[in-house]
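Residues per chain are reported as follows:
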Amino acid sequence: MNNGKVDVLLGLQWGDEGKGKVVDVLTPQYDVVARFQGGPNAGHTLEFEGQKYVLRSIPSGIFQGGKVNIIGNGVVLAPDLFMEEAQALEASGHELKKRLHISKKAHLIMPTHRVLDAAYEAAKGKSKVGTTGKGIGPTYTDKVSRNGLRVGDIFENFEEKYAACKARHEAILKAMNFEYDIDEVEKKWLKGIDYLRQFPIVDSEHEINNLLKSGKSVLCEGAQGTLLDVDFGSYPFVTSSNTICAGACTGLGIGPNKIGDVYGIMKAYCTRVGAGPFPTELFDETGDTIRQLGHEYGAVTGRERRCGWIDLVALKYAIMVNGVTQLIMMKSDVLDGFKTIKACVAYKQNGQEIDYFPYSIEEGIEPVYVELPGWQTDMTQLTAEEQFPKEFKAYVDFLEKQLETPIRIISIGPDRAQTIVRK
């Protein structure tokens with residue numbers, strides 16, 4: 001009987017919910033932080049002690065001394081971008097080489113994967129997915145089609161394996177008449193491979209289960225959000241991996257019976273980056289105000305995020321497929337100045353009201369809103385739940401009742417200190 005525990009932390013919307021900050025806040029309670037899917041298309045921004053950090057592949061627990069951080073088998077890794085990220089952290093005084101372990105089974109994003117990403121997106125024309133162009137999709141495609149290159153391959157016949165994968169990609173690009181030049185990128189990428197060899201490259205599934213057997217606690221960190229899940233998201237405008245709780249089992253090699261709490265992160269409103277349906281999107285001044293106040297621009301891409309009111313239909317669905325036990329609400333302070341707050345409680349589809357998330361939300365979905373009074377109070381300096389304005393308390397009560405899940409943590413600003421844990 002193992003006495004360790006595994007909790008999972010993931011986003012419930014279209015990503016960008018603020019997972020990085022929360023992992024950093026929760027990490028002191030855990031011995032291990034493990035990332036289970038996604039790649040450098042996801043940026044987790046953390047701010048503390050006057051410094052701002054953007055993590056792309058490295059788990060957010062890296063800032064807490066003495067923790068083991070694991071990049072799991074479900075992650076796709078770009079050696080050049082990983083080297084950039086890790087060297088920047090090392091330069092700011094964070095020791096990584098002993099504490100950051102990388103799964104042998106994680107797949108490598110090659111320079112030609114990025115070219116393929118651009119080529120496939122260009123070929124789609126008007127039906128573009130809005131990919132970040134980081135090569136994530138083509139890397140997962142190679143993984144599923146059993147043509148991938150893995151981290152464990154860098155120790156044996158690597159040049160041969162790399163050349164074979166590259167030649168296959170080049171044949172596809174030639175057939176597509178797509179022009180490209182990867183010489184500079186490839187040089188840096190190969191340097192990244194050498195850099196990667198300096199880290200503990202491990203059989204992560206054995207390591208995690210052995211840590212659990214010895215009584216250690218593990219926090220699994222997801223990237224993107226539930227509505228971008230390849231199976232349950234707004235397909236085809238999704239990412240290429242399972243962003244939901246089940247992805248922690250497949251992306252780390254953990255049995256489902258090991259999972260305890262599932263922390264679901266949401267914003268007090270909703271955002272989306274790139275193409276795809278978004279029922280509560282605001283195209284007016286309110287949407288612009290939310291974007292400006294919330295600094296809603298991609299941490300990695302710098303892209304403008306689309307903004308809208310909170311969507312409780314989508315959130316109920318996300319809570320259901322993840323088995324969420326506790327909610328964490330981010331960016332509550334962004335709504336501080338609004339006189340009225342809206343929340344979508346149902347959809348109108350073909351003139352009929354529905355309260356569930358349907359097969360497709362692309363065509364003819366209209367949000368049905370409930371209006372609540374705003375709190376019109378600057379909450380960024382508050383330090384305790386008792387100080388919340390009554391209108392904000394009412395908003396939180398309303399959300400908990402609708403979502404049938406407790407909101408345990410509320411964020412009222414970007415800094416680590418601006419976090420209120422409710423009793």
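Since the model is a prediction, treat every value here as computed from it, not as a measurement.

Rules used in this analysis
- Residues numbered from 1 in each chain as written.
- Predicted model: local features only at pLDDT ≥ 70, side-chain atom pairs only at ≥ 80, totals over all residues.
- Heavy atoms only, no water.
- Helix = DSSP H or I, 4+ residues; strand = E, 2+ residues; numbered from the N terminus.
- Buried < 20%, exposed > 50% of the residue type's maximum accessible area, 1.4 Å probe, protein only.
- Pairing = 2+ DSSP bridges.
- Contact = heavy atoms within 4.5 Å.
- Axes fitted to C-alpha atoms, helices over the stretch in contact; angles between N-to-C directions.
- Expected span 1.5 Å × (residues − 1).
- Arc of directions from axis to C-beta.
- Phe/Tyr/Trp six-rings, centres within 6.5 Å; stacked < 30°, edge-to-face > 60°.

**Section: unusual backbone geometry**
What is expected of a backbone is that most residues other than glycine have negative phi and most peptide bonds are trans.
Inference 1: Note that the residue after Tyr235, namely Pro236, is joined by a cis bond; omega there is 5 degrees.
Inference 2: Summarising the element assignment, Pro236 is placed in the loop between strand S10 (217-221) and helix H8 (246-252).
Inference 3: Of note, Asn177 is a non-glycine position whose phi angle comes to about 55 degrees, a positive value.
Inference 4: With respect to the secondary-structure elements, Asn177 resides in the loop between helix H5 (158-175) and helix H6 (183-196).
Inference 5: Take Asn177: its relative accessible area is 69%, and that puts it in the exposed class.
Inference 6: One non-glycine residue, Glu404, lies in the positive phi region at around 55 degrees.

**Topic: the pairing of strand S19 (residues 407-411)**
Inference 1: When you tally the buried positions in S19, you get four out of five residues, the bulk of the element.
Inference 2: Direction of pairing for strand S15 (residues 326-330) relative to S19: parallel, over a ladder of three bridges. Residue pairing in the sheet places Leu327 in a bridge with Ile407 of S19.
Inference 3: Direction of pairing for S19 relative to strand S20 (residues 419-421): antiparallel, over a ladder of three bridges. Across the sheet, residue Ile409 finds its bridge partner in S20, namely Val421.

**Quick notes on the sheet that holds S20**
Inference 1: The 10 strands lie next to each other as S9-S7-S5-S2-S10-S1-S11-S15-S19-S20, forming an open sheet whose pairing is mixed. With partners counted over all chains shown, the strands left at the sheet margins are strand S9 (201-202) and S20, one partner each.
Inference 2: Taken strand by strand, helix H1 (residues 19-26) contacts strand S1 (5-11), strand S2 (32-35), S10, strand S11 (259-267), S15, S19 and S20, and its axis lies near 155 degrees from that of S1.

**Some points on H5**
Inference 1: Between its terminal C-alpha atoms H5 stretches 26 Å, which fits the 26 Å expected from 18 residues at 1.5 Å a residue.
Inference 2: Among all positions in H5, only Phe158, Tyr162, Cys165, Lys166, His169 and Leu173 are buried. Around the axis of H5, the buried residues are gathered within 100 degrees of arc, so they sit on the same side. Exposed positions of H5 whose direction lies more than 90 degrees from the buried face are Glu160, Lys174 and Ala175.
Inference 3: On its buried face, H5 is in contact with strand S8 (107-108), helix H3 (111-124), helix H4 (136-144) and H6.

**A look at the packing of aromatic side chains**
For any pair of aromatic rings, geometry is given as the distance between the ring centres together with the angle between the planes.
Inference 1: Applying the stated rule across the entire model yields 12 aromatic pairs.
Inference 2: Between the aromatic rings of Phe388 and Phe392, the centroid separation amounts to 4.9 Å while the plane-to-plane angle is 75 degrees, which identifies the pairing as edge-to-face.
Inference 3: Exposure remark for Phe388: the relative accessible area of 5% places this residue in the buried category.
Inference 4: The class for Phe392 is buried, based on a relative accessible area of 0%.
Inference 5: Ring pairs connect the aromatic residues Trp375, Phe388, Phe392 and Tyr395, which therefore count as one cluster.

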